[in-house]
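Close look at the chain arrangement
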Amino acid sequence: MMDNLSYYHQKSLDHSEIVLAQYNKIIQEYENLKSTLNELLLKSHHQVLAPICYSMSENRAPIAYCPATIDHTNQVMVLLGCDYFVECSVHQAMGIIQRRITFCEEKKKLYAQQLESMENWLKFEHQLASEQQEFVEIQEEYDEEAEQKWRQEHKKKVKQQKEREKIERLTALTKNIKIEKDVIK
């Protein structure tokens, strides 16, 4: 049982580490994009070498370039999600990027907490496993017939107790009535 639990905790720990690495990569890519957009803000036209021919190999790397100019560098297309794009200024895009970075950092923080929690669980499991070797597990036998017999006896005893309480209440009530009659006389 503990082996399965440890296995799944370790698997969850590994998954959290992978997700944390992915969020770190995404945040780094957004930071790189911000620096590129800051460079585009400086000029309205940029001289670049544009790829015109690609190789036929698997990596499809460009093999030929020609000089070109990029105009309107203050206008960019931003993916909103589900293949919806919007054209906006670089300043607006920087705001969107910053919000996405903040979102990723919050998610990263949650996964870091989960990672810490899983690490603590694994430490606790190892500690429990080492302590478990010192102790003996207590197991009780369950007998259905004995359980049924006990239930019937218990039911009888409860019924007898309720009858005794009823008699005591009636006795106390009759004593109170006698005392009231004596007081009235």
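Read on for an overview of the structure. Remember, predicted model here, so these are calculated numbers, not experimental data.

At C82, a residue that is not glycine, the phi angle is positive and equals roughly 55°. Residue position: C82 is located in the loop between β3 (75–81) and β4 (84–89). Looking at C82, the relative accessible area reads 74%, which means it is exposed. Its identity as a non-glycine residue notwithstanding, D83 has a phi of 60°, on the positive side. On the secondary structure map, D83 appears in the loop between β3 and β4.

On to the nonpolar core, then. If you look at the biggest cluster of nonpolar residues, it comprises 15 residues, and the most contacted ones within it are L37, V76, V78 and A93. Only α1 (2–42), β3 and α2 (90–132) provide two or more residues apiece to this core. Here this core gets 7 residues from one element, more than from any other, and that element is α2. Other than its neighbours up to four places away in sequence, V78 contacts Y84, F85, V86, C88, A93, I96 and R100. Formed by 5 residues, the second largest nonpolar core is a distinct cluster that contains L13, L20, L115 and M118.

Together, D14, E17, E116 and E119 make up a region of like negative charge exposed at the surface. Mapped onto the negative patch, the elements with two or more residues apiece are α1 and α2. Relative to the elements of secondary structure, E116 occurs in helix α2.

Analysis parameters
- Residues numbered from 1 in each chain as written.
- Predicted model: local features only at pLDDT ≥ 70, side-chain atom pairs only at ≥ 80, totals over all residues.
- Heavy atoms only, no water.
- Helix = DSSP H or I, 4+ residues; strand = E, 2+ residues; numbered from the N terminus.
- Buried < 20%, exposed > 50% of the residue type's maximum accessible area, 1.4 Å probe, protein only.
- Core = buried A, V, L, I, M, F, W, Y, C linked by side-chain atoms within 4.5 Å.
- Contact = heavy atoms within 4.5 Å.
- Patch = residues over 30% accessible without salt bridge, like charges linked within 9 Å, V, L, I, M, F, W, Y side chains within 5 Å.
- Areas by Shrake-Rupley, 256 points an atom, 1.4 Å probe, with all protein chains shown as cover.
- Salt bridge = Lys/Arg side-chain N within 4 Å of Asp/Glu carboxyl O.
- Lys, Arg positive; Asp, Glu negative; His and termini not counted.
- Charge placed at Lys NZ, Arg CZ, Asp CG, Glu CD.

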